[in-house]
Every structure is written in C-alpha cells, then in structure tokens.
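Spelled out from the first residue to the last, the chains are:
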Amino acid sequence: MTTLNEAPARPRATAGRALAPDLARGAMLLAIAFAHAPLFLTDVHRGPAVLNAITDVFHFLFVNNHARPMFAFLFGYALVQLLNRQLDRSGGDWVAARKLLRRRGWWLVAIGLVHVALLVPIDILAIYGFASVVLVGLLRRRDAALLWTAGLTFVPATAIVGVGMWFPMSQGISTLTKGSVAATGQDFWTMAAERLTVWPFGLVVGGLAVVPGIVLGMWAARRGYLEQPERHRPFLVRATVITIAVSVAGSLPAALIQAGVWADPSSAAVWAAVLAQPLTGYAGGIGMAALVALVAIRAGRRRNRLTTMVEALGQRSMSLYLFQSIAFLVIFYPYGLGLQDDLGLAGATLVAIGTWVVSLLLADLMRRVGYRGPAEILLRRLAYR
C-alpha cells in the first residue's frame, strides 16, 4: 500500500505519445473559444433573437462552466504525466521533480501576468500555474487524499462560480453581459492598470475554483484512463453517459431562466439553478474528456487529416490559446476591426469557430515544419533552465 511519503504507482508507459490527451486538449481549445469570444461583446443580444436564444441555451448546456473543469481536469492529468517523465529521467528524484513543477508553475503565473497586462483581461495560465504550485505536494499523497481534497473543495469552488452567476441572473441580466471585457473607451495603459489591480484577487479566487478538477485529473492520470483508453473502454462509456447527462440536467434550469422560458422564478429557484450549474459542470467537463478518449480509440485505428490536425493543436495548446487572445483582440477591440458593437452571441460563437479552425491550420503548419510552438519552447527553456 502506498504511504503518505511514497510515490504512487505509475501507469505503465505506452509506446510514443498517447493520442487521447492531445485530442482532448485540442478539443478543449474550441470550448475555451466558445466561452471567451462572447465576453468581448458590448451587447450579446444584437442580431437575430432566435439564433441568439438557441446559442445561449447551447452555451449553458455545453460550454458555460464546462470548459473550465475540462481544462482543470486535463491540467491535473498533465501534471502527473510531467512528474512521471521527470522521475524517469532523474532516476526517481522526487525533490528535483517537485522543484521543476513548482518552477514551471511560477513561470506560468508570470506568463499569465504578461498576458493580462498586454493582451486581454481573460487569463487561465496564471490561475493554473498558481494552482500547480500549491497542489504539487498532492502528487505524492494517496488516492484518498486526492479524493478528500476534491470533495472538500467542491463546496467553496461551486459557491464562487454560483455567486458570480446569481447576481446577474437575479437582476435579469445575461451572465455574459456581466462578465464582459469589451473595451470601454479608455486608453490602453489605463485598461492595463485596472486589469493588474484586480489580477491578484482573480488569481486566488480562480485558483480555488479549479482545484477539484485538477485533483480529479491527478487521480485519473494514475490509472492511465487517457493514455490507455482501450483498457478502460467500459468505464469510459459509463462515465461519459452519466456525467454528460448529469451536466445537461443540472444546467437546464439556469438555461431556461436566462433564455426567459422560465419567467419570474423564485429567489430559491434562482439560487438552486446557479449552484446546480457549476456543480454539475464539473461532471460535464470530465465527461467531455472521457468522450474524447473514446473517440481516440477509433481515431487511433483509422487516422485521418482532422485527427492529425487536432492532435497537433493539442500539442501546442498553450501557444494557440494565446493566439486566441490575439485574434479576439484584433477582431473585437476598437483598435482592431472593432466588431464588439456589431455582433451578438450567435455571431461571436461563429467567430470562435473560425478562430479555432485557423488555430488548427497553424498547428498543422507547425507540425509539418517540426516546430513545437513558441510558448511551449519558452516555458520549457524557463522551467528546465
């Protein structure tokens, strides 16, 4: 039995690089694009009302609070993969591996800070970097410690997201409008100063919100669910069906309220809806990762061009995540195309799809020329010295 101070058993290494984690990261970037693009609008209701309403329901059922836990789950999964590779290289030197992961986490925080200051006020790199610094010690703890940590942090993590949703929904305001980061006419440096003022608060609060997903990703990585999906296919099928069904059911009340189908809900109903949405969103994010693992079983047997491109995107997810920020800045902000005042939710969702497709093409081009990706190369040089 693994003790508190012993390294947990690692899944047996597979030949080459596993397909499912990279496919999942590539698909995750589409979910992130869906979640972030509408936040750059000044009014999500512009454009065809019916299309906006349908898109709003889609966002609530499959995007809102699902992209975040999917990213958290995959990030925690990747931490275990990084640890295993470093232990293999160093002959089991846990101290060196822990220092490397923490150094990597701090550099992610630094890159996220620059991202917020110079590009857009939406950043997840610093949040996950900070979380990895804090949680790296759990990589040596037993499974029970991981599950207890996930369970205990579910309550505050759900409350953080739920309270953020409750205020706009209780006032009849779209949650996307409340979270808007559209330019307000201020000059660049004033906007940057405001972002940096609230950045530390967002770092801590955001870090707490992603802890359950990260820790569950660590737990799953110890079992190799994504590296060896063929061995775990029955479990992955059950997990996919159950988690996605739970997430859709839990998101439906909030979706009906925001779409105006459920008119004049009571205060208790609003509270129940905004708490159920993030709580079941964790299940949905993990279920999406499990679904991609199932797809990877078939995709690995019969590879095609799309599989190769999504895999390449997943291998360069950090670089292409930053590319999304640049693309949204150019498309929406006044010193770019200035479409923040012209598009509604449906239009922004189409922009998200288009940005992801361009990311696919860029990733495939990098793959063809043997280029890893600028952000990945930079982080590796900084972390590994």
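A brief look at the structure comes next. (Residues numbered from 1 in each chain as written. Predicted model: local features only at pLDDT ≥ 70, side-chain atom pairs only at ≥ 80, totals over all residues. Heavy atoms only, no water.)

This next bit is on the overall build of the protein chain. From N to C terminus, the protein chain includes 14 helices and zero strands. Start at the N end of the protein chain and walk to the C end: the helices and strands fall as α-α-α-α-α-α-α-α-α-α-α-α-α-α. In terms of C-alpha radius of gyration, the protein chain reaches 20 Å, essentially the compact-globule figure of 21 Å for 385 residues. For the protein chain, buried positions account for 53% of its 385 residues. Considering only contacts within the protein chain whose residues lie at least 6 apart along the sequence, 85% involve residues at least 24 apart. If you sum the accessible surface of the protein chain, you get close to 17200 Å²; carbon and sulfur atoms cover 67% of it. Both charge centroids of the protein chain, one from 35 positive and one from 18 negative side chains, sit 12 Å from each other. (Helix = DSSP H or I, 4+ residues; strand = E, 2+ residues; numbered from the N terminus. Rg over C-alpha atoms; globule rule 2.2 N^0.38 Å. Buried < 20%, exposed > 50% of the residue type's maximum accessible area, 1.4 Å probe, protein only. Contact = heavy atoms within 4.5 Å. Areas by Shrake-Rupley, 256 points an atom, 1.4 Å probe, with all protein chains shown as cover. Lys, Arg positive; Asp, Glu negative; His and termini not counted. Charge placed at Lys NZ, Arg CZ, Asp CG, Glu CD.)

Now for the nonpolar core. By size, the foremost hydrophobic cluster in this structure holds 74 residues, and its most contacted members are Leu139, Ile214 and Met218. Sorting elements by how many residues they give to this core places helix H3 (residues 67-90) first, with twelve residues. Here Met218 is in contact with Gly76, Tyr77, Leu79, Val80, Leu135, Leu138, Leu139 and Leu146, once residues within four sequence places are set aside. The next biggest cluster of nonpolar side chains, apart from the first, holds 23 residues, and it includes Phe34, Leu41, Leu176 and Ile331. (Core = buried A, V, L, I, M, F, W, Y, C linked by side-chain atoms within 4.5 Å.)

For the rest of this paragraph, the subject is a nonpolar patch on the surface. Taken together, Val237, Val241, Ile242 and Val246 make up a surface patch of nonpolar side chains, about 320 Å² in accessible area. Mapped onto the fold, Val246 is located in helix H9 (residues 233-258). On the basis of relative accessibility, which here comes to 38%, the residue Val246 falls in the partly exposed class. (Patch = residues over 30% accessible without salt bridge, like charges linked within 9 Å, V, L, I, M, F, W, Y side chains within 5 Å. Salt bridge = Lys/Arg side-chain N within 4 Å of Asp/Glu carboxyl O.)

Between the first and last C-alpha of helix H10 (residues 267-301) there are 51 Å, a value that for 35 residues agrees with the 51 Å anticipated at 1.5 Å per step. Residue Gly281 marks the point of greatest curvature in H10, where the axis turns by about 30°. (Expected span 1.5 Å × (residues − 1). Bend = angle between axes of the 7 residues up to and from the residue.)

In this section: the packing of aromatic side chains. Tallied over the entire structure, the rule returns 14 aromatic pairs. Centre to centre, the rings of Phe71 and Tyr128 are 4.5 Å apart; their planes meet at 25°, and the pair counts as stacked. Here Tyr128 lies in helix H5 (residues 125-135) and Phe71 lies in helix H3, a separation of 57 residues in the sequence. Summarising the burial analysis for this pair, Phe71 and Tyr128 share the class buried. Relative to Phe235, the ring of Tyr225 lies with its centre 4.8 Å away and its plane at 20°, an arrangement referred to as stacked. With Tyr225 in the loop between helix H8 (188-221) and H9 and Phe235 in helix H9, this residue pair connects regions lying ten residues apart in the sequence. Judged by its relative accessible area of 34%, Phe235 falls in the partly exposed class. One aromatic cluster in this structure is built from Phe40, Phe328, Phe332, Tyr333 and Tyr335. In this structure, Arg68 packs its charged tip against the face of Tyr282, placed 5.4 Å from the ring centre. (Phe/Tyr/Trp six-rings, centres within 6.5 Å; stacked < 30°, edge-to-face > 60°. Lys NZ or Arg CZ within 6 Å of the ring centre and 35° of its normal.)

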